[in-house]
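Single-letter residue listing:
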Amino acid sequence: DQQVKQNSPSLSVQEGRISILNCDYTNSMFDYFLWYKKYPAEGPTFLISISSIKDKNEDGRFTVFLNKSAKHLSLHIVPSQPGDSAVYFCAASPRGRGGKLIFGQGTELSVKP
Amino acid sequence: DTEVTQTPKHLVMGMTNKKSLKCEQHMGHRAMYWYKQKAKKPPELMFVYSYEKLSINESVPSRFSPECPNSSLLNLHLHALQPEDSALYLCASSQDGTVLTEAFFGQGTRLTVV
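Residues numbered from 1 in each chain as written. Chains lettered and ligands numbered in written order. Predicted model: local features only at pLDDT ≥ 70, side-chain atom pairs only at ≥ 80, totals over all residues. Heavy atoms only, no water.

Engineer: What is the right way to look at the overall build of chain A in this model?
Structural biologist: Helix and strand content of chain A: 0 helices and 11 strands. Of the regular secondary structure in chain A, the N- to C-terminal order runs β-β-β-β-β-β-β-β-β-β-β. Taken over the C-alpha trace, chain A has a radius of gyration of 13 Å; the compact-globule value for 113 residues is 13 Å, and the two agree within 12%. Taken along the three principal axes of its C-alpha coordinates, chain A extends 45 × 30 × 20 Å. Considering only contacts in chain A between residues 6 or more positions apart, those separated by 24 or more positions represent 54%. Here chain A displays about 5300 Å² of accessible surface, and carbon together with sulfur accounts for 48% of that area. On chain A, the mean spot of the 13 positive side-chain charges and the mean spot of the 10 negative ones are 5 Å from each other. (Helix = DSSP H or I, 4+ residues; strand = E, 2+ residues; numbered from the N terminus. Rg over C-alpha atoms; globule rule 2.2 N^0.38 Å. Contact = heavy atoms within 4.5 Å. Areas by Shrake-Rupley, 256 points an atom, 1.4 Å probe, with all protein chains shown as cover. Lys, Arg positive; Asp, Glu negative; His and termini not counted. Charge placed at Lys NZ, Arg CZ, Asp CG, Glu CD.)

Listed below in structure tokens is the structure:
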């Protein structure tokens, strides 16, 4: 039973354009969401997070949008750069289970020069 | 220093061996975690230590034994593992296991059980 789903295993985008990575969840008890980026042979690196009381959080080129009614969040990267090429994981934290993260399957982003 | 350091980076062990994975952080974080990641799968939580006490055990088999000697160190003792336990083992830490803050991950230990 996959509680956090990233339905696109891969995404290819041209340099300078927008990358949009999507994530859906099923558990309404999630109250904090995070995006991580992972290069091969490295651990995940935290990118950006959003609390369930917000619908948008922005940090430089990265913006996360949360639509609670649709149980959907997305990560926008603008403009995309070749160095952004990596696997992106969406993660969610259940209320009252402090510290636990449930990850989606990941989306491999490739930014072409 | 925003690093979580894991040793060793790679480990090959037999099914009768006993080995330990080590994790260290010096960010003053009071929560530390072990995750397991199989190929092409997302990381899955194994254990959470909060203020040096085990707070979450995700029904992990007893052949995996965590230990938190102090707030900066986290070990994972391995004994009588199976080949299907081969995976990337990730350690993470966060400021406090009871509040919602981002976790910082180490590079992982690539474990192969033969």
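Engineer: Whenever I open this one, the overall build of chain B confuses me. Can you help?
Structural biologist: Broken down by element type, chain B carries 0 helices and 11 strands. The secondary structure elements of chain B, listed N-terminal to C-terminal, are β-β-β-β-β-β-β-β-β-β-β. In terms of overall size, chain B behaves like a compact globule, its C-alpha atoms giving a radius of gyration of 13 Å where 114 residues would be expected to give roughly 13 Å. If you line up chain B on its principal axes, its C-alpha atoms span 40 × 25 × 25 Å. Counting across all 114 residues of chain B, residues that qualify as buried make up 46%. Summarising the internal contacts of chain B: among those between residues at least 6 apart in sequence, 54% fall at separations of at least 24. Within the structure as shown, chain B displays about 5600 Å² of accessible surface, and the carbon and sulfur contribution to it stands at 50%. Distance between charge centroids for chain B: 9 Å, based on 12 positive and 11 negative side chains. (Buried < 20%, exposed > 50% of the residue type's maximum accessible area, 1.4 Å probe, protein only.)

Engineer: Looking at this structure, how should I read the sheet that holds strand β7 (residues 64-70) of chain B?
Structural biologist: Within a beta sheet, neighbouring strands are joined by backbone hydrogen bonds and run either parallel or antiparallel to one another. All names here are of chain B. The sheet built from 4 strands is open, its strands ordered β1-β3-β8-β7 with antiparallel pairing. What marks the edges here is a single partner per strand, and that holds for β1 (4-7) and β7. Between one strand axis and the next, the sheet turns by 20° as a mean value, whatever way the strands run. In the sheet, β1 pairs with strand β3 (residues 18-25) via 4 bridges, with the strands oriented antiparallel. If you follow V4 over to β3, its bridge partner there is Q25. (Pairing = 2+ DSSP bridges. Axes fitted to C-alpha atoms, helices over the stretch in contact; angles between N-to-C directions.)

Engineer: Honestly, the side chain of A:T107 in this entry has me stumped. Any pointers?
Structural biologist: Residue and element names in this part refer to chain A. Mapping T107 onto the fold places it in strand β11 (residues 107-112). Given the relative accessible area of 3%, T107 is considered buried. Of note is the side chain of T107, whose polar atom sits 3.5 Å from the side chain of Q6. (Polar contact = N/O pair within 3.5 Å; in protein donor to acceptor, adjacent residues only side chain to side chain.)

Engineer: Help me understand a nonpolar patch on the surface in this model?
Structural biologist: Residues and elements named next belong to chain A. On the surface, I18, I20 and V78 cluster together into a nonpolar patch covering about 230 Å² of accessible area. Along the chain, I20 falls in strand β3 (residues 19-25). When its relative accessible area of 37% is taken as the criterion, I20 is described as partly exposed. (Patch = residues over 30% accessible without salt bridge, like charges linked within 9 Å, V, L, I, M, F, W, Y side chains within 5 Å. Salt bridge = Lys/Arg side-chain N within 4 Å of Asp/Glu carboxyl O.)

Engineer: What is the right way to look at the interface of chain A and chain B in this model?
Structural biologist: The parts lose accessible area when they come together, and the size of an interface is often stated as this lost area. Listed as interface residues are 21 residues of chain A and, on the opposing side, 20 residues of chain B. A combined buried area of about 1700 Å² lies between chain A and chain B, and 61% of that area is made up of carbon and sulfur atoms. Our count for the contact surface shared by chain A and chain B stands at 1 salt bridge. The partner of A:K100 in a salt bridge is B:E58, and the shortest N-O contact between them spans 2.6 Å. Where chain A meets chain B, there are 4 residue pairs in polar contact (both at pLDDT 80 or more). (Buried area = accessible area lost by both parts, 1.4 Å probe.)

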